[in-house]
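Fold and geometry: a report
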Amino acid sequence: MADKIFRVNMADLTTSIEDIPADWAGHGGRGLTSTIVSAEVEPTCHPLGQNNKLVFAPGLLSGTAAANSGRLSIGAKSPLTGTIKESNSGGTAAQLFAKAGCKALIVEGLPKADNWYSLALTPDGVTITEEKELIGQGNFAVVQALENRIEGKHGLLSIGQAGEMRLASANISIKDPDGSLRSCGRGGLGAVMGAKKIKFITVDPKDGKVAIAKPDAFKDANRIFAKALVDHPVSQALGQYGTNVLTNIINESGGFPTQNFTKGQFEGHESISGETMHDTIKERGGKVKHGCHQGCVIQCSQIYNDADGKKLTAGFEYESIWAMGADCCVDNLDHIAEADRIMDDIGIDTIETSVAMGVAMEAGVLPFGDGAGICKLLTEDITKGTGIGRIIGNGAGSVGRAFGITRVPVVKNQAIPAYDPRAIKGIGITYATSTQGADHTMGYTIATNILNVGGKVDPLTKEGQVELSRNLQIATAAIDSTGMCLFIAFAALDDEKCLPALVDLLNARFDLSLTGDDVVSLGQHILKTERAFNTAAGFTSADDRLPEFFYNEPLPPHNVVFDFSGEEIDTFWDF
Amino acid sequence: MEDQHPAPHFQLTVASDALILFTTVLQSGIELKSRAGIPMGRFLNELPGFTADYIGDVVQTIFLNGTAIDDLTTPLEGHNPILALSAAMPGLAGAIFRKNSFHSALRTDTKKTDSVDKQQGNLTVTLKLFNSIAQERGLELLKKGVWIKTKPALVFFSKRESLLQKINTIEFEKKTIDTATFLSLLSQSEKINIRIA
Ligand code: SF4
């Protein structure tokens, strides 16, 4: 089946299926969402208004048997940052979108009536239905209700109360193979879906399949690719401890932001570490290893049970645990897991909301370390949309403005995640220059030496460090287009067979003859496209800066500050 | 490495399937006596199971006093150096801190500029073992007996009460004691020697 663009206009409740414009054909995932948003969204529009569009795109390899290829990208102009935004996640939806022959779903306009709707996508198109029953409900209730309402296996994307209230931290949740939720967490895309009055989207590909141009070559390449992933020691660490394996390491480095970024080490880190979490999961009969989508061979996710052995949360990630843990000084893993579950249910970004809580704690809204208080605030204030609930639900910047706090760890109004840029300066360059606000996943470590994008300038100079960060972002943008999870990066970096096998997978899928250089060009094109959108939206180099306190508040225990000047950071865009 | 601490000794026997869970106590660190100025690689080499290959291939992330280290000839000196060992870690941060990594250029320079006290004779090293390193090398260390600080050990057992139920016997000064006495004795000392098998 030839892939198509599916379009929904919420203003007149019409739908259509279109051929793919030639310019878009070579794109998938982030490359495609950013290309479409750049082409069709007025950069100065209000993110929650009629001119913003919400774009869903599976990766180039999604829907195939390629290992770890089930990430779905969602793009729009972000209500949190005001920049272009792409957020991607696992779950079953990417593979089902691809199998349904949907290269991208574009949702535009706002409904005229004050009604809520759901969308049902099949290979035949999209059906819009008015929704009443599930309005005001959390994501888990939506998953449960649709299990009963719809026959057969279907993909599901939904928003919780946070999206309905159009809070700037609202996410879009995607059902995973076990009925747990994965999130396109960052940038408030759930608020855009809420503005369009769409509570949920189901995806049913019927008996659709993804066509592979050269099946034998594809199979061979996938065998090599999957083996490289499985054998790599980082994959093994991820499979055993999840991403939370990083807690002890980052704390040891002094770069573990604690008590709203006032310290680099958290006394209670051992109680929330990946090692402690691993043992707790085992003792309580949870799952240490779990894939966020079928075909994941690394399985960094897990199922965390409560003390009674009942499932509490899934996909319990380092950045979420850090944010609710060290940044808010909570050393009780069960409170953090409970907060994680509530945030999944409300449909709100765990990083943004927890960092906002840290700023609120500094403002005296609740004491540092009050895990039970955080859970109560989430349930009674954010879920119900009280004044303080909305202030926190609109992110760390919103809390800082409401309470006159100056130590607000955001770039382009998006919360800085779990690695303090004073102690790990390379990440600071990524935070400052990312087209999408502070985001650790924007400059992941991918094949810099194999792709020969490692840099030409001495990496020990500031110029070389900026160049290295740039090349990481270029490579990351390309990988984000394939539908691959970023954890393939380590094998791709170290195993000389892995990256060529990934390129071979793309070639076999589409009958192309791409090389590593094409991958680099794709990444560069995506970054430039996103940057052009932001410039047209009014962003300048003055927005590519870290908050002032990173320059003048030394971070214990190493007592270091971030020391890249504005001019040095600005060289990032010299390409 | 010499055992010179005058502190209480405990011997725990634990259900074999639960033994591995006790290796997590090593994330808080064990104390080892060594010679001031000993190269880090040689210090590690003297520990059970830390062969040159294991240190070279598996121990991919090393921190000395919170600074990532690439060079195994770095001497251990100063007052109570803290050494932490980990396998290869994910994320850009993991790559930045990885030994001899291409991305190490993105580290902040956290080496102390003030000169460390170059004392002679013995020194006490705190060695933290994280993730798979603790699981792979911890059992042997625990079997031999390790010196640990009691404060983190008490937190460990208070947060992981179920582990106390996996202990079959606790011996202290050739007498068997119960877990309540064990915890009470822990709170009376700053550090203890503990053998777990
Ligand atoms: S490694 Fe983790 S994030 Fe990546 S696909 Fe597997 S479970 Fe999902």
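Residues numbered from 1 in each chain as written. Chains lettered and ligands numbered in written order. Predicted model: local features only at pLDDT ≥ 70, side-chain atom pairs only at ≥ 80, totals over all residues. Heavy atoms only, no water.

Before going further, it helps to spend a moment on the overall build of chain A. Of regular secondary structure, chain A possesses 22 helices and 17 strands. The C-alpha radius of gyration computed for chain A amounts to 22 Å, which stays within 12% of the reference 25 Å derived for 575 residues, consistent with globular compactness. Counting only C-alpha atoms, chain A reaches 60 × 55 × 50 Å along its principal axes. Expressed as a percentage of its 575 residues, the buried residues of chain A come to 66%. Contacts in chain A between residues far apart in sequence, at least 24 positions, make up 71% of those at least 6 positions apart. Approximately 18,400 Å² of chain A is accessible, and the part contributed by carbon and sulfur atoms is 49%. Of the side-chain charges in chain A, 50 are positive and 70 negative, and the distance between the mean point of each set is 4 Å. (Helix = DSSP H or I, 4+ residues; strand = E, 2+ residues; numbered from the N terminus. Rg over C-alpha atoms; globule rule 2.2 N^0.38 Å. Buried < 20%, exposed > 50% of the residue type's maximum accessible area, 1.4 Å probe, protein only. Contact = heavy atoms within 4.5 Å. Areas by Shrake-Rupley, 256 points an atom, 1.4 Å probe, with all protein chains shown as cover. Lys, Arg positive; Asp, Glu negative; His and termini not counted. Charge placed at Lys NZ, Arg CZ, Asp CG, Glu CD.)

Attention shifts here to the interface of chain A and chain B. On the side of chain B, 43 residues touch chain A, which itself brings 49 residues to the contact. Three residues, A:Ile249, A:Glu252 and A:Glu283, lead the burial of chain A against chain B; their summed loss comes to 17% of the area buried on that side. Here chain A and chain B share five salt bridges between them. Along the contact surface separating chain A from chain B lie 22 residue pairs in polar contact (both at pLDDT 80 or more). A breakdown of the residues in the side of chain A that touches chain B according to their chemical character gives 23 nonpolar, 16 polar and 10 charged. (Buried area = accessible area lost by both parts, 1.4 Å probe. Salt bridge = Lys/Arg side-chain N within 4 Å of Asp/Glu carboxyl O. Polar contact = N/O pair within 3.5 Å; in protein donor to acceptor, adjacent residues only side chain to side chain. Nonpolar A, V, L, I, M, F, W, Y, C, P; charged D, E, K, R; others polar.)

It is worth spelling out the site of the ligand at this point. Neighbouring the ligand are 13 residues, the closest being A:Cys292, A:His293, A:Cys296, A:Cys300 and A:Cys485. Looking at the shell around the ligand residue by residue, the classes come out as six nonpolar, six polar and one charged. (Near = heavy atom within 4 Å.)

Residue and element names in this part refer to chain B. Burial analysis of strand β5 (residues 82-86) places four of its five residues in the buried class, the great majority of the element. Where strand β3 (residues 61-64) lies against β5, four bridges are found, and the strand directions are antiparallel. Across the sheet, residue Phe63 finds its bridge partner in β5, namely Ala84. Sheet analysis places β5 next to strand β6 (residues 122-129), joined by four bridges and oriented parallel. Across the sheet, Ala84 pairs through a bridge with Lys128, a residue of β6. (Pairing = 2+ DSSP bridges.)

Here the focus is the domain arrangement of chain A. Residues and elements named next belong to chain A. When its domains are assigned, chain A resolves into domain 1 (4-203) and domain 2 (222-573). Summarising the inter-unit geometry, the C-alpha centres of domain 1 and domain 2 are found 22 Å apart. Listed by partner, the interface residues are 63 residues for domain 1 and 74 residues for domain 2. Between domain 1 and domain 2, roughly 5,200 Å² of surface is buried when both sides are summed, and carbon and sulfur atoms account for 52% of that area. On the domain 1 side of the contact with domain 2, Arg30, Asn68 and Arg186 bury the most area, a combined 17% of that side's loss. Remark: the boundary between domain 1 and domain 2 carries six salt bridges. Inspection of the domain 1/domain 2 interface yields 44 residue pairs in polar contact (both at pLDDT 80 or more). (Domains from an automatic or database assignment.)

Looking now at the sheet that holds strand β9 (residues 155-158) of chain A. By way of backbone hydrogen bonds, the strands of a sheet pair with one another, either parallel or antiparallel. All names here are of chain A. Ordered in space as β8-β7-β12-β9-β10-β11, the six strands form an open sheet in which the pairing is mixed. If you trace the sheet from one side to the other, it starts and ends with β8 (125-130) and β11 (181-184), each paired once. Adjacent strand axes in the sheet meet at a mean angle of 20°, parallel and antiparallel pairs treated alike. Two elements, strand β10 (residues 172-175) and β11, share four bridges in a ladder whose sense is antiparallel. Along β11, the bridge assignment pairs Ser173 with Ser183. (Axes fitted to C-alpha atoms, helices over the stretch in contact; angles between N-to-C directions.)

Residues and elements named next belong to chain B. In the contact formed by helix α6 (residues 150-159) and helix α8 (residues 179-186), the axes pass within 10 Å of each other and the chain directions differ by 145°. Here α6 contributes Thr150, Ala153, Leu154 and Phe157 to the contact with α8, which in turn contributes Phe182, Leu183 and Leu186. For the contact of α6 with α8, the residue count by class is six nonpolar, one polar and no charged.

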